[in-house]
Amino acid sequence: MSANAREDILAAAKLVGQAHGYAGLNFRDLAQQVGIKAASIYYHFPSKADLAAAVAKRYWEDAAAYLESLLQNSAKPLEALRRYPETFRWALENGNRICLCSFMSAQFDDLPDEVKTEVQIFADVNIAWLKKTLVAAKVASPRDAEKRARAIYSGIVGAQLMARSRADITLYDNLIESYRTTGLLPA
């Protein structure tokens, strides 16, 4: 087993989760992908719930870090808002996958509580970033920003889901453009 077996397991589980959700996480299949014995996964993650919670937590942590870097590295907050849909497009570009936490949200009733918590944090992180960035870009008032942030997040997640169901990334792009045209997203 490599020194980075835990990281390899998390990376493989992320891809499986983006394609098949919580139900698709199978220790035997993951072990085969990583090149270890299935029993070795239990060393790092005693249960499927522990693995899924760790993957979802890493997913929202990575998303939060990326969103902050996007804002810091953009010339203006408005530029960061315009680029926000890219973060969901990448999963579609990678084997017609969707956001891990969106997929798991669709399976919410079947998730263990610790996984539900991490999945909800992902949405909260995105909405908080959107809210802060909408205000900084002077696109929404502090009073209206959360409502608009929730609408943007929901719209983008929905666009991703529609595009995946048709294996058509162009549909995603067209929906995002329509959000800009109608004013949901800044043009």
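Residues numbered from 1 in each chain as written. Predicted model: local features only at pLDDT ≥ 70, side-chain atom pairs only at ≥ 80, totals over all residues. Heavy atoms only, no water.

A. Layout of the overall build of the protein. Helix and strand counts for the protein stand at ten helices and zero strands. Listed N to C, the secondary structure of the protein is α-α-α-α-α-α-α-α-α-α in terms of helices and strands. Taking 16 Å as the expected radius of gyration for a compact globule of 187 residues, we find that the protein reaches 17 Å, a close match to that expectation. Along the three orthogonal principal directions, the C-alpha set of the protein runs to about 50 × 30 × 30 Å. Counting over 187 residues, the protein shows a buried share of 45%. In the protein, 65% of the contacts between residues at least 6 apart in sequence involve partners at least 24 apart. Between the centroid of the 23 positive side chains of the protein and the centroid of its 21 negative side chains there is a distance of 4 Å. (Helix = DSSP H or I, 4+ residues; strand = E, 2+ residues; numbered from the N terminus. Rg over C-alpha atoms; globule rule 2.2 N^0.38 Å. Buried < 20%, exposed > 50% of the residue type's maximum accessible area, 1.4 Å probe, protein only. Contact = heavy atoms within 4.5 Å. Lys, Arg positive; Asp, Glu negative; His and termini not counted. Charge placed at Lys NZ, Arg CZ, Asp CG, Glu CD.)

B. Representation of helix α10 (residues 169-182). In this model, α10 (14 residues) spans 20 Å end to end at C-alpha, consistent with the 20 Å of a helix rising 1.5 Å per residue. Of the positions making up α10, those classed as buried are Leu171, Tyr172, Leu175, Ile176, Tyr179 and Arg180. Looking at the packing, one finds that the buried side of α10 touches α5 (77-83), α6 (86-93) and α9 (145-166). Among the residues of α10, the N-terminal cap falls to Asp168, whose side-chain oxygen and the backbone nitrogen of Thr170 are separated by 3.0 Å. Of the residues trailing α10, Gly183 is marked for its positive phi of about 100°. (Expected span 1.5 Å × (residues − 1). Polar contact = N/O pair within 3.5 Å; in protein donor to acceptor, adjacent residues only side chain to side chain.)

C. Geometry of the environment of Leu71. Inspection of the secondary structure assignment puts Leu71 in helix α4 (residues 48-73). Separated by 17 residues in the primary sequence, Leu71 and Ala54 place their C-alpha atoms 26 Å from one another.

D. Spatial organisation of the pattern of salt bridges. Taken as a whole and judged by the stated rule, the model has nine salt bridges. Here Arg89 makes a salt bridge to Glu93, at a shortest N to O gap of 2.3 Å. With Arg89 and Glu93 both in helix α6, this residue pair falls four residues apart, about one helical turn. The exposure class assigned to Arg89 is partly exposed, which follows from its relative accessible area of 21%. In this structure Glu93 comes out as partly exposed when scored by relative accessible area, which is 47%. We note a salt bridge from Asp173 to Arg89, for which the minimum N-O separation is 2.7 Å. Residue Asp173 is located in helix α10, and its partner Arg89 is located in helix α6; the two are separated by 84 residues in the primary sequence. Residue classification places Asp173 among the partly exposed positions, given a relative accessible area of 29%. Here the residues in one salt-bridge network are Arg89, Glu93 and Asp173, joined through shared partners. (Salt bridge = Lys/Arg side-chain N within 4 Å of Asp/Glu carboxyl O.)

E. Quick look at the packing of α6 against α9. Where α6 contacts α9, the axes come no closer than 10 Å and their chain directions differ by 15°. Comparing the axis directions of α6 and α9 gives the class roughly parallel. In this structure, the crossing between α6 and α9 has a hand that is right-handed. On α9, the residues touching Phe88, Ala91 and Leu92 of α6 are Tyr153, Ile156, Val157, Gln160, Ala163 and Arg164. Grouping the constituent residues of the contact of α6 with α9 by class yields seven nonpolar, one polar and one charged. (Axes fitted to C-alpha atoms, helices over the stretch in contact; angles between N-to-C directions. Parallel < 35°, antiparallel > 145°, perpendicular 65-115°, else oblique. Left-handed = near helix turned anticlockwise from the far one by under 90°. Nonpolar A, V, L, I, M, F, W, Y, C, P; charged D, E, K, R; others polar.)

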